[in-house]
Amino acid sequence: MTDTTTFLNELTSLLGERGLLREPDAMARYMSDWAGDTLGMPLAVARPANTAEVAEIAKRCYEHGIPMTPQGGHSGLVAGALPAANGQELVISLERLNNVRAIDPINFTITVDAGCILENVKLAAFDHDCDFPLSLGAQGSCQIGGNIATNAGGLNVLRYGMMRELVLGLEVVLPDGRIWESLNALHKDNRGYDLQQLFLGSEGTLGIVTGAVLKLSPRPTQNRTALLGLPSVQAVIDLYGLARRECCDLLTAFELIPRRCIELAIEATPELRDPLDSAYPWYVLMEVAATGPVDLTALLEALLETGMERELVLDGALAGSDTQSAQLWQFRESMLEGQRRRGEHLRTDISVPISAIPDFVSRASEVVMAASPECEIIAYGHVGDGNLHFNILPPTAMADSDKKAHLHELEERLFEVLDDFHGSISAEHGIGRTKQAPYLARLTPIEQEMVSGVKALFDPKGLMNPGRILPAGE
């Protein structure tokens, strides 16, 4: 291990005072995420301005045995990009790598730096009559590198797939400082092992993504949004099956929302008003989009008419303009803030087969309520890909000091139910630190061998984001 003062002085010479932050006040915002979780103090925060500087930082860390923590837009929810409490990890922020390198509207590709904010990428694509379809609540702050590292999903997975389906090429700085450049804008490439897929969802444990070629789609010229009231989760799933057939690939979003989330959204954003004349147990927020002469209004109205005839839909509101559509989507955004204001609570991002959602919600709710009758369950999510956020607010009368242990116990019970459905403990947030124990507990011996082997091949010194996904030193 090198003398850290000498090491940091070397980085200051390389990056300049602006490129290396060492004072606690300057590093504060790199120590917490969107939820307000904070772990510890980094050794320093490096802010490289280009791929060559990232490579030089990694090379020097590798030579001196300094652990590295790649960091994007601070929107993660599993503590994967937060510095450890031991003060030994160098945070490497990609925020200054924020250039759009190239756009090819005929090939439908965009090449960007990893530090580009998702919303800026979407706007750049829009200017060329294209669309980058990844849609996240945090798109105003999350970065493409983080989206790649966590294999981000979001609202439009049912039509466009997760980030894994939207990446055509990568540029990656390996743990020893070498640069692997594979920025090929090819839609078909079948040359042996697809190495770039190893980095998608790797959470910065195999290397640092510095650039990417992303797949674009034609920009929709029209979209229609509807918010519907339904009697049960089973009705929601039945309506989804109907919508999937009637709307086919024009269906871009289909969100399950319980009544409690509507209330939380109104609490968080007082200008919101109840969207329908009556309150309903469950809601669906759905959207269809198209390019060309398709009558989306007639398509949706026919779907809703059939849904009402089958007593799946009880009431609904169909947005007549982009402004009204944005107002309906505001419920989906504000309900997250409403939960956050309630303080510490269990956040999950599980997945089950779509057809199993009603049974899972019923069984999981029974198990959780039996263990904690005073807690509050908030189950919502992306029906089109089976991803549920089965969140739990602890009893309001419970002491803050008891909440963490109580929520952990409820999570274990929830995951036991999930195992019966052959589901996943993480559909989009990743593993990071917070889900490491349940992840490892569910790995088969052969999976453990393969995962550990991949890590050892790319990062033999264990310096790249140690302690995330796998325990540090493995």
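Residues numbered from 1 in each chain as written. Predicted model: local features only at pLDDT ≥ 70, side-chain atom pairs only at ≥ 80, totals over all residues. Heavy atoms only, no water.

### Overview of the environment of Gly 211
With respect to the helices, strands and loops of the structure, Gly 211 is situated in strand E10 (residues 208–215). A relative accessible area of 0% places Gly 211 in the buried class. Among residues more than four places away in sequence, those in contact with Gly 211 are Arg 101, Val 112, Asp 113, Ala 114, Gly 169, Leu 170, Glu 171 and Leu 183. (Helix = DSSP H or I, 4+ residues; strand = E, 2+ residues; numbered from the N terminus. Buried < 20%, exposed > 50% of the residue type's maximum accessible area, 1.4 Å probe, protein only. Contact = heavy atoms within 4.5 Å.)

### Considerations on the sheet that holds strand E17 (residues 376–382)
Spatially, E15-E12-E14-E13-E17-E18-E16 is the arrangement adopted by the seven strands of the open sheet, whose pairing is antiparallel. Every other strand in the sheet has two partners, leaving strand E15 (315–318) and strand E16 (350–351) as the edge strands with one partner each. Where strand E12 (residues 222–230) and strand E14 (residues 282–290) come together, nine bridges link them in antiparallel fashion. Counterpart to Thr 225 in the pairing with E14 is Glu 287. Each of strand E13 (251–258), E14 and E17 touches helix H10 (residues 259–268); the most contacted strand, E13, lies at about 90 degrees to it. (Pairing = 2+ DSSP bridges. Axes fitted to C-alpha atoms, helices over the stretch in contact; angles between N-to-C directions.)

### Section: the nonpolar core
In terms of nonpolar packing, the biggest core is built from 55 residues, with Leu 239, Leu 251, Phe 254, Met 286, Phe 360 and Phe 390 touching the most fellow members. For this core, the elements supplying multiple residues, two or more each, are E12, helix H9 (233–247), E13, E14, helix H11 (296–309), helix H13 (357–371), strand E18 (387–393) and helix H14 (400–420). Top element by residues in this core is H9. It accounts for nine residues. The residue makeup of this core includes at least three contributed by each of domain 3 (222–342) and domain 4 (343–452). If sequence neighbours within four positions are ignored, Phe 360 has contacts with Ile 350, Val 352, Ser 365, Leu 388, Phe 390, Leu 414, Val 417, Leu 418 and Phe 421. Counting residues in hydrophobic clusters, the runner-up holds 31 residues, among them Cys 130, Ile 148, Leu 200 and Ala 212. (Core = buried A, V, L, I, M, F, W, Y, C linked by side-chain atoms within 4.5 Å. Domains from an automatic or database assignment.)

### Examining the sheet that holds strand E5 (residues 100–104)
Here five strands make up an open sheet; going across it, the order is E5-E6-E10-E8-E9 and the pairing antiparallel. Pairing within the sheet leaves two strands with one partner each, and these edge strands are E5 and strand E9 (179–182). Adjacent strand axes in the sheet meet at a mean angle of 10 degrees, parallel and antiparallel pairs treated alike. Most of the contacts of helix H3 (residues 51–64) go to strand E8 (residues 167–173), to which it runs at about 50 degrees, and overall it touches E5, E8, E9 and E10. Most of the contacts of helix H4 (residues 118–126) go to strand E6 (residues 109–113), to which it runs at about 145 degrees, and overall it touches E5, E6 and E10.

### Here we look at the packing of H13 against H14
In contact at an axis separation of 10 Å, H13 and H14 are set at 150 degrees when each is read in the N-to-C sense. Here H14 runs roughly antiparallel to H13, going by the angle between their axes. Considering only the axes of H13 and H14, their crossing is right-handed. Contacts between H13 and H14 involve Phe 360, Arg 363, Ala 364, Val 367, Val 368 and Ala 371 from the former and His 406, Leu 410, Arg 413, Leu 414, Val 417, Leu 418 and Asp 420 from the latter. (Parallel < 35°, antiparallel > 145°, perpendicular 65-115°, else oblique. Left-handed = near helix turned anticlockwise from the far one by under 90°.)

### Considerations on the packing of aromatic side chains
As enumerated under the stated definition, the model contains six aromatic pairs in all. Ring centres 6.0 Å apart and planes at 75 degrees place the aromatic pair Phe 360 and Phe 390 in the edge-to-face group. Highlighted residues: Phe 360 in helix H13 and Phe 390 in strand E18, separated in sequence by 30 residues. Here Phe 360 and Phe 390 have matching classes, each one buried. By way of ring pairs, the aromatic residues Trp 180, Phe 199 and Phe 458 are connected into one cluster. Positioned above the aromatic ring of Phe 126 is the side chain of Arg 219, whose terminal nitrogen or guanidinium carbon lies 4.5 Å from the ring centre. Over the aromatic face of Tyr 62 sits the side chain of Lys 461, whose NZ or CZ is 4.2 Å from the ring centroid. (Phe/Tyr/Trp six-rings, centres within 6.5 Å; stacked < 30°, edge-to-face > 60°. Lys NZ or Arg CZ within 6 Å of the ring centre and 35° of its normal.)

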